[in-house]
Structures are given as C-alpha cells and as structure tokens.
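Structure assessment
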Amino acid sequence: YCCTYCHCSNIGNGVVIGAGSVVKGVLLPYGIYVGNPARLIKKRFSDKIIRILESISWWNWSDKKISQNSEFFSLDLTKLSDDELENILSRIQ
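Okay, so let's go over this structure. Note that the structure is a prediction, hence the values are computed from the model and not measured.

**Some thoughts on the pairing of strand β7 (residues 39-43)**
Here β7 lies mainly on the outside; zero of its five residues are buried. Bridging between strand β6 (residues 31-34) and β7 involves four bridges; their strand directions are antiparallel. For V34, the partnering residue across the bridge sits in β7 and is R39. Counting the residues in the hairpin turn of β6 and β7 gives four residues, including G35, whose phi is positive at 105°.

This is the structure:
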C-alpha cells in the first residue's frame, strides 16, 4: 500500500514501513515505522544483532556467497545465544 516519502529522508537497511505512513527524516536500520509522520514503534532485532547485520552487509554479497551461506538466512537470530551467533558468524564464507 502507498507510503509517502519525502526526498530528504534516509531509510536504513531492513526497515519496515506501515501502509499509508508518511516517511520524513532518518529511519534507523531494522526499525518498524508507522504513522503520519512515521514513528519507530519497535526494533526488529536487538542492537547487537543490528550491528552484526550492518557489519556483514549480506545484501551486497554475490549470489554464490548467499548460496554458500544459505543456513544463515533460515535462522531466527532472535533465539540464538551470543555464543551461537558468534559461531555462525565465524563460519560465514
């Protein structure tokens, strides 16, 4: 559904924008925004997971690298311990 986006806005990676929202200003990565103006109602992940996702920038990976690391995309990152998350990150090729 339609959202309005002001030209001076900056939408972070992984942002979810509610239908009919008016986007203005800076939307932080992995936030969920709704309303007029769009306001952050929730973060999709913890700050640590957001930092990790931003640092690995998986959206810039080649198709081959995505295929090689397909396990990563089937994980529920919110349910992993810090040790499990670090183990998975160490295996990314």
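Next, the rest of the story.
**A word on the environment of F45**
As for its placement among the helices and strands, F45 is situated in the loop between β7 and α1 (47-56). Residue classification places F45 among the buried positions, given a relative accessible area of 18%. For the pair F45 and Y30, spaced 15 residues apart in sequence, the C-alpha separation works out to 6.9 Å.

**Points about α1**
Listed as buried for α1 are I49, I50, I52, L53 and I56. Viewed along the axis of α1, the buried residues span an arc of 160°, placing them on a single side of the element. Every exposed residue of α1 that faces more than 90 degrees away from the buried side is listed here: R51 and S55. In the segment just after α1, S57 is the residue with positive phi, at about 45°.

Conventions used here
Residues numbered from 1 in each chain as written. Predicted model: local features only at pLDDT ≥ 70, side-chain atom pairs only at ≥ 80, totals over all residues. Heavy atoms only, no water. Buried < 20%, exposed > 50% of the residue type's maximum accessible area, 1.4 Å probe, protein only. Helix = DSSP H or I, 4+ residues; strand = E, 2+ residues; numbered from the N terminus. Pairing = 2+ DSSP bridges. Arc of directions from axis to C-beta.

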